[in-house]
Amino acid sequence: MKKARIILAMAFLLTSFSAQANAVSAQSEAKITAENISEENSQGISHKLFSGKDNASSEAYETRKKTVTASDPGGDTAEYDGDAETAPAESNENTAEISTKTIKWDSSWKYADFSKIHDDTVTLYRASSNRKNKVIAVNAGHGTSDGSKYKTQCHPDGTPKYVTGSTASGAVYSTAIAGGMEFSDGTPEAEMTLKTARSIKDILLENGYDVLMIRDSDDCRLDNIARTVFANENADCHISIHFDSTNSDKGAFYIGVPDIKEYKAMYPVSKYWKKHNRLGNCLIDSLKDNKIKIYSSGYMGIDLTQTSYSTVPSVDLELGDKATAVDDKFIANASQGVLEGVNSFFKK
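A few points on the structure. Nothing here was measured: the structure is a model prediction, and the numbers come from that model.

Cut-offs and rules
Residues numbered from 1 in each chain as written. Predicted model: local features only at pLDDT ≥ 70, side-chain atom pairs only at ≥ 80, totals over all residues. Heavy atoms only, no water. Phe/Tyr/Trp six-rings, centres within 6.5 Å; stacked < 30°, edge-to-face > 60°. Helix = DSSP H or I, 4+ residues; strand = E, 2+ residues; numbered from the N terminus. Buried < 20%, exposed > 50% of the residue type's maximum accessible area, 1.4 Å probe, protein only. Lys NZ or Arg CZ within 6 Å of the ring centre and 35° of its normal. Core = buried A, V, L, I, M, F, W, Y, C linked by side-chain atoms within 4.5 Å. Contact = heavy atoms within 4.5 Å. Salt bridge = Lys/Arg side-chain N within 4 Å of Asp/Glu carboxyl O. Expected span 1.5 Å × (residues − 1).

Describing the packing of aromatic side chains
- Considering all chains together, one arrives at 11 aromatic pairs under this definition.
- Their ring planes at 90° and their centres at 5.4 Å tell us that Tyr-111 and Tyr-309 sit as a pair that is edge-to-face. Taken together, the residues span a long stretch of sequence, with Tyr-111 in the loop between β5 (99-103) and β6 (122-126) and Tyr-309 in helix α6 (residues 305-309) at a distance of 198 residues. For the pair Tyr-111 and Tyr-309, a shared accessibility class is recorded, and that class is buried.
- With 5.0 Å between their ring centres and 80° between their planes, Phe-345 and Phe-346 make a pair best called edge-to-face.
- You can call Phe-345 buried: its relative accessible area is 6%.
- Through pairs of rings, three or more aromatic residues link up here, namely Trp-105, Trp-109 and Phe-230.
- Directly above the aromatic system of Tyr-295 lies the positively charged group of Lys-250, at a separation of 4.5 Å from the ring centroid.
- One Lys or Arg, Lys-264, reaches over the ring of Trp-273 and ends 3.8 Å from the middle of that ring.

The structure is reproduced here in structure tokens:
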């Protein structure tokens, strides 16, 4: 009997020792696992934890690779292999792209048959974010090599011009598109209007506006009527960029509809002239706010080909003249002014 008790006691001690050993082993394994996870974290490798109620041997974590991609300037974009619920949503900040569409001339468009030069296309740029759902036609003035060889009708109803501009009053036909002037330093106006128009395009796109870029090359095969028709059919407003031919650094102004009863009664001017002038006033007010010098009241009334054929709000915006110092700061301020003027006009 005494011998049996000794055997039972020894068995109890062996069982206790085995349980303690298992516990120590489990703690050691847990420590090793924790150290491994800590080591992975110190190397910057992302991980996720799995909790398995029914499976005690579930994987403690899963390492994920990191790759450098062109769309991530920081160079650390996680490449996730897990399921969709555990992977974060892909950011649009670096991957969103501006889409473009080439638009061809359509001879069936209203007033298309009045154009003499329409052998080119225009590009529609669509904003990638914060979309305003408005298309702004930006027209870099001039830039058609043989535009002066052709004549187009001043008004769609055939009446003569009322106010002298680049074409004298009383004329029924005007130059299809003029070559423009040269700045005091010899820079062609067409070169400077294109540089400015591209800056305006960029800031409008950044702020959610789509942009119909009427001219985006040194030689655009579109006359004034064709440019206006493209804007009529594909945009919500039309802003033509110019610099005046005077040499006094006079400041910026827009050419709007003159206060002439007969002209205001002519279609399409009769329907749109108030919108033309309101767009011009919005632009001038915002240019002034952005430290662009303004000429007189900022308005000059001339019955231009552009406004005579426009069926969307439309202005010729003269940002200065041949004596204006058009440097990068000037262009940046003017571009910001145009953006704010467009915001004001569309109440954005």
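Side note on the nonpolar core
- Grouped together as the largest cluster of nonpolar side chains are 42 residues, with contacts concentrated most on Ile-136, Leu-204, Ile-239, Leu-287, Leu-317 and Val-342.
- At the level of elements, β7 (135-140), α2 (189-206), β10 (210-213), β11 (237-244), β12 (252-256), α5 (269-289), β14 (314-321) and α7 (328-346) are the ones that each hand at least two residues to this core.
- Residue contributions to this core peak at eight residues, all from α7.
- Filtering out sequence-adjacent residues up to four positions away, Leu-287 remains in contact with Ala-252, Ile-292, Ile-294, Leu-317, Leu-319, Ala-334, Gly-337 and Val-338.

Some words on the pattern of salt bridges
- Inspection of every chain in the model, using the stated rule, returns nine salt bridges.
- Close ionic contact of Lys-195 with Asp-328 constitutes a salt bridge, the shortest N to O distance being 3.4 Å. Residue Lys-195 is found in helix α2, and its partner Asp-328 is found in helix α7; the two are separated by 133 residues along the sequence.
- You can call Asp-328 exposed: its relative accessible area is 55%.
- For the salt bridge of Lys-201 with Asp-202, the shortest nitrogen-to-oxygen distance reads 3.9 Å.
- Under the relative-accessibility criterion, Lys-201 is labelled buried at 11%.
- Note on Asp-202: relative accessible area 38%, which makes it partly exposed.
- Shared partners join several salt bridges into a network, and the residues in it are Asp-146, Asp-219 and Arg-221.

Description of α7
- The end-to-end C-alpha distance of α7, which contains 19 residues, comes to 27 Å, matching closely the 27 Å that a straight helix rising 1.5 Å per residue would cover.
- Of all the positions in α7, only Phe-330, Ile-331, Ala-334, Ser-335, Gly-337, Val-338, Leu-339, Gly-341, Val-342, Asn-343, Phe-345 and Phe-346 are classed as buried.
- Each element contacted by the buried residues of α7 is listed here: β7, α2, β11, α5 and β14.
- Of the residues trailing α7, Lys-347 is marked for its positive phi of about 55°.

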